[in-house]
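# Remarks on the overall topology
Now for the letters of each chain:
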Amino acid sequence: GAGVSQSPSNKVTEKGKDVELRCDPISGHTALYWYRQSLGQGLEFLIYFQGNSAPDKSGLPSDRFSAERTGGSVSTLTIQRTQQEDSAVYLCASSYGLETQYFGPGTRLLVL
Amino acid sequence: EDKVVQSPLSLVVHEGDTVTLNCSYEVTNFRSLLWYKQEKKAPTFLFMLTSSGIEKKSGRLSSILDKKELSSILNITATQTGDSAIYLCAVERGSNYKLTFGKGTLLTVNP
């Protein structure tokens, strides 16, 4: 596609449930990033995939968070046993190598 | 730990005014500084700055980096209501790829 796409655009879930957020990067982009933006906070790095290399998971806030990137393209961010503090906008970005990152529209997650 | 501080946190102006947004940073092995405009949810790329003193310009927006002062400014001239957004500054290390973002400046342009 022309840009990074994410789904769903909005997700409301109950505390304790698992959620999956999807990112479809720009075609041909080798790198994919997940960020989180909580209310009143700047964007916080979560995880980075580059080609076939092992992902950098250093930004994941807890072991309830995990992400996969299948076939070097689409990525899924999974949050298990969601907590209210997980409520945020989750943004995905992609880039060609270490070039400029382009962001998707984000998924707004609300944990009740 | 890398740090990015933006000021002001919010700003309200009238159409036609000129605004200057500030970004200061502390980062090990600086590679680049980026400005993004965020409306609704997705940040859109504005500028990437790597060299000190070279102004980048796009229409009414311009930005410049001062590596000695570890800072950058983003100028918007003749502001329009469509400029209302959060403006994010981010720095990138040379040794890796992670962006560290500031909290942003919320700009509101009133007609």
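Just so it is clear, the model here is predicted, and its values are computed rather than measured. (Residues numbered from 1 in each chain as written. Chains lettered and ligands numbered in written order. Predicted model: local features only at pLDDT ≥ 70, side-chain atom pairs only at ≥ 80, totals over all residues. Heavy atoms only, no water.)

## Quick word on the pairing of strand β9 (residues 85-93) of chain B
The side chains of a regular strand alternate between both faces of the sheet. Residues and elements named next belong to chain B. With seven of nine residues buried, β9 lies mostly within the body of the structure. Of the pairings in the sheet, the one linking strand β4 (residues 30-38) to β9 comprises eight bridges and is antiparallel in character. Counterpart to L33 in the pairing with β9 is V91. Pairing of β9 with strand β11 (residues 105-110), which is carried by three bridges, proceeds in the antiparallel orientation. (Buried < 20%, exposed > 50% of the residue type's maximum accessible area, 1.4 Å probe, protein only. Helix = DSSP H or I, 4+ residues; strand = E, 2+ residues; numbered from the N terminus. Pairing = 2+ DSSP bridges.)

## What about the interface of chain A and chain B?
Listed per partner, the contact involves 25 residues of chain A and 17 residues of chain B. Carbon and sulfur atoms make up 56% of the surface buried where chain A meets chain B, a total of about 1,700 Å² over both sides. Of all residues in chain A, L43, L98 and F103 of chain A bury the most surface against chain B, accounting for 28% of the area lost on that side. Mapped onto the side of chain A that touches chain B, the elements with two or more residues apiece are β4 (31-37), β5 (43-50), β8 (88-95), β9 (102-103) and β10 (107-111) of chain A. (Contact = heavy atoms within 4.5 Å. Buried area = accessible area lost by both parts, 1.4 Å probe.)

## What to know about the nonpolar core
Formed by 22 residues in total, the largest nonpolar core has its most connected members in Y25, F30, L33, W35, Y87, V91 and L107 of chain B. Sorting the residues of this core by element identifies β3 (19-26), β4, β5 (43-49), β7 (61-66), β8 (71-76), β9 and β11 of chain B as the ones contributing at least two each. With 20 residues, the next largest nonpolar core counts F49, L60, L77 and L109 of chain A among its residues. (Core = buried A, V, L, I, M, F, W, Y, C linked by side-chain atoms within 4.5 Å.)

## A few points about the state of the cysteines
Evaluated as defined, the whole model comprises two disulfides over all chains. The disulfide bridge from C23 of chain A ends at C92 of chain A, spanning 1.8 Å between sulfur atoms. Note on the C23 of chain A and C92 of chain A pair: the S-S dihedral is about -65°, so by sign convention the disulfide is left-handed. Note that C23 of chain A is positioned in strand β3 (residues 19-24) and C92 of chain A in strand β8, a separation of 69 residues in sequence. On the basis of relative accessibility, which here comes to 0%, the residue C92 of chain A falls in the buried class. Residue C23 of chain B pairs covalently with C89 of chain B via a disulfide, S to S 1.9 Å. The disulfide joining C23 of chain B to C89 of chain B has a torsion of about -70° about its S-S bond and is therefore left-handed. Highlighted residues: C23 of chain B in strand β3 and C89 of chain B in strand β9, separated in sequence by 66 residues. (Disulfide = S-S within 2.5 Å.)

## Comments concerning the sheet that holds strand β6 (residues 65-69) of chain A
The pairing of strands in a sheet comes from backbone hydrogen bonds and takes either a parallel or an antiparallel form. All names here are of chain A. The strand order across the open sheet formed by four strands is β1-β3-β7-β6, and the pairing between neighbours is antiparallel. On the outer flanks of this sheet lie β1 (5-7) and β6, each paired with one strand and no other. Taking each pair of neighbouring strands and ignoring which way they run, the sheet shows an average axis angle of 15°. Here β6 pairs with strand β7 (residues 75-79) via five bridges, running antiparallel. The residue bridging E68 from the neighbouring strand is T76, located in β7. (Axes fitted to C-alpha atoms, helices over the stretch in contact; angles between N-to-C directions.)

Just distances and angles here, no functional claims.
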